[in-house]
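Analysis of the macromolecular model
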Amino acid sequence: MTNQNVVASDAKSGIDIRIRVILPKSLFSSAEPKPLPAPRLAKKIETGTAAAKTNAWVDSMRDSSPTRVKSTASLSETEEKNSWIMNHPSALSMFEQIVNASKGKQIVMFLDYDGTLSPIVEDPDRAFMTNEMREAVRDVARYFPTAIVTGRCRDKIYSFVKLAGLYYAGSHGMDIKGPSKSRKYKKGHQALLFQPASKFLPMIDEVYKVLIEKTKSISGAKVENNKFCVSVHFRCVEEKMWAALAEQVRSVLNDYPKLRLTQGRKVLEIRPTIKWDKGKALEFLLESLGYANSNDVLPVYIGDDRTDEDAFKVLRNRGQGLGILVSKFPKETNASYSLQEPTEVKDFLRRLVEWKRFSIG
């Protein structure tokens, strides 16, 4: 790790914001994160012809995210699910055990957005959270440092959540900003703003414009500029057109070797090759809060997507904190617990607030 000053400008205030951060020496390495037990998309397309690479992309697009556990011939679907639940029990049914593990520690909450705080919808621009969920997140943030960690553009996600007292880590953690009002959890009096992939902004904008043109002929495809990454949504694209879409994306990426492809739930994402993801964002935020090497913290990360596995893996490797996967189906995951859908996430957050209020009288 190396110390480095990061200077960023707040466009609205016109004020330069200076923060002291610890950057990993390998931040700008093009090395990929270690894969899940199921092969990642990047691993499938490293070698082979253009057609083979496109076919590999299509195969991966058919997979859910994270990859579902492969069925065992000797187990029925119910038995398989029960077996998975034994290893990834409901965070609601294990609530007492979870809060007992937090005694004497500061809980820090990390929350994905799509599929976690809001339902997955066909139009990503309409992925609104309910007022009840917003109230639950607001109440959690009153008692625990809370961050939204998402692949979405930070400004877009703020327009959905509309809560000023949170940390927002957009573009898979490549655009991090601290609370704009409350200084309850800040160290010192400096606002937090961290953008490790700033030099890629012109390239990302260029790729976004090219992909808009390239995908015009594919009905249902939607290209979203998430500032430090570009998302190509194919939830509304007929499966017979997936190969054509994958080929268009592949042809664009060929001209940009400093960008890489990852995959989420019905979305292809083009990102810079820097070694940065939601797991790195989690570590950075813990460091910013003063908990980098502390035993007095319990990070809790809730997410539903393959990209959240980077954060789950960090917690597992630290031997500290809890990963909670949101899924109705058994999936390969590094999370320890599970919740089935956003309504259960809301119930879990509410119980956490009730427990905290009771514990402090």
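That block above? That's the structure.
Everything numeric here is computed off the predicted structure, so don't read it as measured data. (Residues numbered from 1 in each chain as written. Predicted model: local features only at pLDDT ≥ 70, side-chain atom pairs only at ≥ 80, totals over all residues. Heavy atoms only, no water.)

Some words on the sheet that holds strand β11 (residues 267-272)
In a beta sheet, neighbouring strands pair by backbone hydrogen bonds and run either parallel or antiparallel. Across the sheet, which stays open at both edges, the 4 strands sit in the order β8-β9-β11-β10 with antiparallel pairing between neighbours. Two strands in the sheet have a free side with no partner beyond their single neighbour: β8 (222-225) and β10 (259-264). Each neighbouring strand pair of the sheet contributes to a mean axis angle of 20°, computed without reference to strand direction. Pairing between β8 and strand β9 (residues 230-233): 4 bridges, direction antiparallel. Paired with Lys-222 across the two strands is His-233, which belongs to β9. Its contacts with the sheet place helix α7 (residues 201-214) against β8, β9, β10 and β11, and it is angled at close to 165° to β8. (Pairing = 2+ DSSP bridges. Helix = DSSP H or I, 4+ residues; strand = E, 2+ residues; numbered from the N terminus. Axes fitted to C-alpha atoms, helices over the stretch in contact; angles between N-to-C directions. Contact = heavy atoms within 4.5 Å.)

What about the packing of helix α5 (residues 131-143) against helix α11 (residues 342-359)?
Put simply, α5 and α11 touch, their axes get as near as 9 Å, and they point 35° apart. Note on packing geometry: the crossing formed by α5 with α11 is left-handed. Residue-level contacts link Glu-132, Met-133, Ala-136, Val-137, Asp-139, Val-140, Arg-142 and Tyr-143 of α5 to Pro-342, Val-345, Lys-346, Leu-349, Arg-350, Val-353, Lys-356 and Arg-357 of α11. Across the contact of α5 with α11, the residue classes break down as 9 nonpolar, no polar and 7 charged. (Left-handed = near helix turned anticlockwise from the far one by under 90°. Nonpolar A, V, L, I, M, F, W, Y, C, P; charged D, E, K, R; others polar.)

A word on unusual backbone geometry
The residue Ser-171 is not glycine, and still its phi comes out positive at about 50°. Notably, Lys-266 is not glycine yet its phi reads approximately 55°, a positive angle. By the element assignment, Lys-266 lies in the loop between β10 and β11.

Re the sheet that holds strand β7 (residues 193-194)
The strand order across the open sheet formed by 8 strands is β7-β6-β5-β4-β3-β12-β13-β14, and the pairing between neighbours is mixed. The strands lining the two open edges of the sheet, one partner per strand, are β7 and β14 (337-339). Taken strand by strand, α11 contacts β3 (106-111), β12 (297-303), β13 (322-326) and β14, and its axis lies near 160° from that of β3.

A short note on α7
Look at α7: 20 Å from first C-alpha to last across 14 residues, which is about the 20 Å you get at 1.5 Å a residue. Of the residues making up α7, those classed as buried are Ile-204, Val-207 and Leu-211. The arc that holds the buried residues of α7, viewed along the axis, is 65°, so those residues lie on one side. For α7, the exposed residues set more than 90 degrees away from the buried face come down to Pro-202, Lys-209 and Glu-213. (Expected span 1.5 Å × (residues − 1). Buried < 20%, exposed > 50% of the residue type's maximum accessible area, 1.4 Å probe, protein only. Arc of directions from axis to C-beta.)

Some remarks on the pattern of salt bridges
On inspection of all chains with the given rule, the structure shows 17 salt bridges. A salt bridge links Arg-152 to Asp-114, with the nearest nitrogen and oxygen atoms 2.9 Å apart. Taken together, the positions of Arg-152 in the loop between β4 (146-149) and α6 (154-161) and Asp-114 in the loop between β3 and α5 put the pair 38 residues apart, joining distant regions of the chain. We classify Arg-152 as buried; its relative accessible area is 4%. Here the residues in one salt-bridge network are Asp-114, Asp-125, Arg-152, Lys-156, Lys-222 and Glu-224, joined through shared partners. (Salt bridge = Lys/Arg side-chain N within 4 Å of Asp/Glu carboxyl O.)

Focus: the pairing of β12
Of all 7 residues making up β12, 7 are buried, and the element is well covered by its neighbours. Taking every second residue as pointing to the same face, both faces of β12 are buried, with Val-297, Pro-299, Tyr-301 and Gly-303 on one and Leu-298, Val-300 and Ile-302 on the other. Here β3 pairs with β12 via 6 bridges, running parallel. Pairing of Met-109 across the sheet is with Val-300, part of β12. Across 4 bridges, the pairing between β12 and β13 is parallel. For Gly-303, the partnering residue across the bridge sits in β13 and is Leu-325. The handedness of the β12 to β13 crossover, carried by helix α10 (residues 309-318), is right-handed. (Right-handed = clockwise from strand over helix to strand, strands pointing away.)

Remarks on empty space enclosed by the protein
In total, this model carries 2 cavities of 30 Å³ or more according to the counting rule given. Roughly 360 Å³ of internal volume is contained in the largest cavity. Surrounding the largest cavity, 25 residues form its lining, Asp-114, His-233, Arg-265, Val-267 and Asp-305 being those nearest its centre. Only β9 and β11 provide two or more residues apiece to the lining of the largest cavity. Residues belonging to the lining of the largest cavity are distributed by class as follows: 6 nonpolar, 7 polar and 12 charged. (1 Å grid on protein atoms, 1.4 Å probe; cavity = no way out; pocket = protein on both sides within 12 Å on 5 of 7 lines; lining within 4 Å. Points joined across faces, edges and corners; volume = space filled by probe spheres on them.)

With respect to the side chain of Thr-333
With respect to the helices and strands, the residue Thr-333 is situated in the loop between β13 and β14. Given the relative accessible area of 16%, Thr-333 is considered buried. There is a polar contact of 2.7 Å between the side chain of Thr-333 and the side chain of Glu-309. In this structure, Thr-333 is in contact with Trp-84, His-88, Glu-309, Phe-312 and Leu-325, ignoring residues within four places of it in sequence. (Polar contact = N/O pair within 3.5 Å; in protein donor to acceptor, adjacent residues only side chain to side chain.)

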